[in-house]
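Coordinate inspection notes
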Amino acid sequence: MRALLIVDVQNDFCPGGALPVPDGDAVVPVINRLMDAFPLVLASKDWHPPETIHFQKWPPHCVQGTPGADFHPQLRADKIQYVLLKGTGDRDDGYSAFEATNLNLAEFLRQHGVTELYVTGLATDYCVRATTLDALREGFRTYVVTDAVRAVDVTPGDGERALQEMQQAGASLVSSADILQAEQAST
Ligand code: VGL
Ligand code: ZN
């Protein structure tokens, strides 16, 4: 059983937002195409209080209940079955979706018989990286969908280095085309 995990595809991480990931909104149509190929679709939200130590490292973003914390308007949010809220405390970065405070993600996935997790979203070098490394530690076969992620690239090359690190830790890099072709071949 496999699940699609959409990490932080929120307005503040897209162009025009408070902490924009270059080309961040380009993941939206790719993720929208993937959704129907998965029986279980989950999404995380960066969900910070107005004041948090996290904002000493980053400009304020994704404050709970603000428009910047909403999903990108073109994301097919009606297909998302569970939303994971993370970074909810005032001394908590919450980069990984496995640090969600409203649901124990690892337990939840195991209870639903999920063995393979496909990770998409923003940003490759922060929350996608942290989520993927935690998924591997928790024993899930973990895939990163390379055309469905984008990096902040605070330092040029951070995104590429993060992909290599995830691969070395045991993640498989796949393209959305690979997933959709395999899906078609099996139906
Ligand atoms: C993220 C920086 C700060 C992310 C969240 O979603 O990758 N990056 N907060
Ligand atoms: Zn954040």
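Scroll up to find the structure.
This is a predicted model, so every value here is computed, not measured. Within every chain, residues take consecutive numbers counted from 1 along the sequence as written. To label them, take the chains in the order written and letter them from A, then take the ligands in the order written and number them from 1. Only residues with pLDDT of 70 or above have their local features reported here, since the model is predicted, and side-chain atom pairs are shown and tallied only from 80 upward, although totals for entire chains, interfaces and linings are computed over all residues. Values shown for side chains rest on all heavy atoms present in the structure; no hydrogens or waters enter the calculation.

**Some points on the sheet that holds strand β3 (residues 82-86)**
Any two strands with at least two DSSP-identified bridges between them are counted as paired. Strands here mean DSSP runs of E at least two residues long; helices mean DSSP runs of H or I at least four residues long; both are numbered from the N terminus. The six strands are arranged β3-β2-β1-β4-β5-β6 in an open sheet whose pairing can be described as parallel. The open sheet has two edge strands with one neighbour each: β3 and β6 (172-174). Each strand axis lies, on average, 25 degrees off the axis of its neighbour in the sheet, ignoring direction. Sheet topology places strand β1 (residues 2-7) next to strand β4 (residues 116-122); six bridges connect them, and they run parallel. Pairing of Ala3 across the sheet is with Leu117, part of β4. Axis geometry follows a simple rule: fit a line to the C-alpha atoms, using only the stretch in contact for helices, then measure angles between N-to-C directions, giving values from 0 to 180 degrees.

**Description of the site of ligand 1**
Near is defined per residue: the residue qualifies when any heavy atom it owns lies within 4 Å of the molecule or strand. Every residue near ligand 1 is listed here: Asp8, Phe13, Leu19, Asp46, His54, Trp58, His61, Tyr95, Leu122, Ala123, Tyr126 and Cys127. Within the side chain of Asp46, an N or O atom sits 3.2 Å from a nitrogen atom of ligand 1. Contacts described as polar in this section are N or O atom pairs within 3.5 Å, which, within protein, must combine one atom able to donate a hydrogen with one able to accept it, while residues neighboring in sequence count only if both atoms come from side chains.

**Observations regarding the coordination of the zinc ion (ligand 2)**
Surrounding the zinc ion (ligand 2) are the protein donor atoms Asp46 (OD), His48 (NE2), His54 (NE2) and His61 (NE2), which sit 2.1 to 2.2 Å from the metal. For the zinc ion (ligand 2), all donor residues lie on one chain, and their spacing in sequence is D-x1-H-x5-H-x6-H. For the residue pair His54 and His61, the accessibility class agrees, reading buried in each case. Note that water is not among the atoms considered, so a metal site may appear incomplete; the donors listed are N, O and S atoms within 2.8 Å of the metal, with 3.2 Å applied to Na, K and Ca. When a residue's accessible area, from a 1.4 Å probe over protein chains only, is under 20% of the maximum for its type it is buried; when over 50% it is exposed; and in between it is partly exposed.

**Digging into unusual backbone geometry**
Note the cis peptide between Leu122 and Ala123, where omega equals -10 degrees. Take Ala123: it is sitting in the loop between β4 and α3 (124-137). The backbone of Asp8 shows a phi angle near 55 degrees, a positive value even though the residue is not glycine. For Asp8, the position within the fold is in the loop between β1 and α1 (27-34). Notably, Cys62 is not glycine yet its phi reads approximately 50 degrees, a positive angle. Note on placement: Cys62 falls in the loop between β2 (40-46) and β3.

**Quick word on the pattern of salt bridges**
Each salt bridge in this description consists of a side-chain nitrogen of Lys or Arg and a carboxyl oxygen of Asp or Glu lying within 4 Å of one another. Under the definition given, this model contains 12 salt bridges. Put simply, Asp36 and Arg76 hold a salt bridge, and the shortest N to O gap is 3.2 Å. Highlighted residues: Asp36 in the loop between α1 and β2 and Arg76 in the loop between β2 and β3, separated in sequence by 40 residues. Classification of Asp36 by relative accessible area gives exposed; the value is 53%. The closest approach of N and O atoms between Arg110 and Glu107, which form a salt bridge, is 3.9 Å.

**As for helix α4 (residues 158-168)**
Within the span of α4, buried status applies to Asp158, Gly159, Ala162, Leu163 and Met166. Projected down its long axis, α4 carries its buried residues within an arc of 140 degrees, all on one side. The exposed residues of α4 that point more than 90 degrees off its buried face are Glu160 and Gln168. Throughout, a contact is declared for two residues whenever any of their heavy atoms are within 4.5 Å. Summarising the contacts, the buried residues of α4 are in contact with α3, β5 (141-150) and β6. With its phi angle positive at about 120 degrees, Gly170 sits one or two positions after the end of α4. Note that the arc is computed from the directions linking the helix axis to the C-beta atoms.

**As for the packing of α3 against α4**
Interhelical geometry of α3 versus α4 gives an angle of 5 degrees and a closest axis separation of 10 Å. As far as their axial angle goes, α4 and α3 are roughly parallel. Residue-level inspection shows Thr124, Asp125, Val128, Arg129, Thr132, Leu133 and Leu136 of α3 in contact with α4, the latter providing Asp158, Gly159, Ala162, Leu163, Glu165 and Met166. Split by residue class, the contact of α3 with α4 holds six nonpolar, three polar and four charged. If an angle is under 35 degrees, it is roughly parallel; if it is over 145, roughly antiparallel; if it lies from 65 to 115, roughly perpendicular; otherwise it is oblique. Three categories are distinguished: nonpolar for Ala, Val, Leu, Ile, Met, Phe, Trp, Tyr, Cys and Pro, charged for Asp, Glu, Lys and Arg, and polar for the others, with Gly belonging to the last.

**A short note on the nonpolar core**
For the purposes of this section, nonpolar cores are sets of buried Ala, Val, Leu, Ile, Met, Phe, Trp, Tyr and Cys residues that join through side-chain atoms within 4.5 Å. One finds Ile6 and Leu75 to be the most contacted residues of the largest nonpolar core, which totals 32 residues. When residues of this core are traced back to their parent elements, those giving at least two are β1, α1, β2, β4 and β5. In terms of residue count, α1 provides more of this core than any other element does, five residues in total. If sequence neighbours within four positions are ignored, Ile6 has contacts with Ile31, Met35, Val41, Leu42, Ala43, Ser44, Leu75, Ile80 and Thr120. Counting residues in hydrophobic clusters, the runner-up holds 28 residues, among them Leu40, Cys127, Val128 and Val149.

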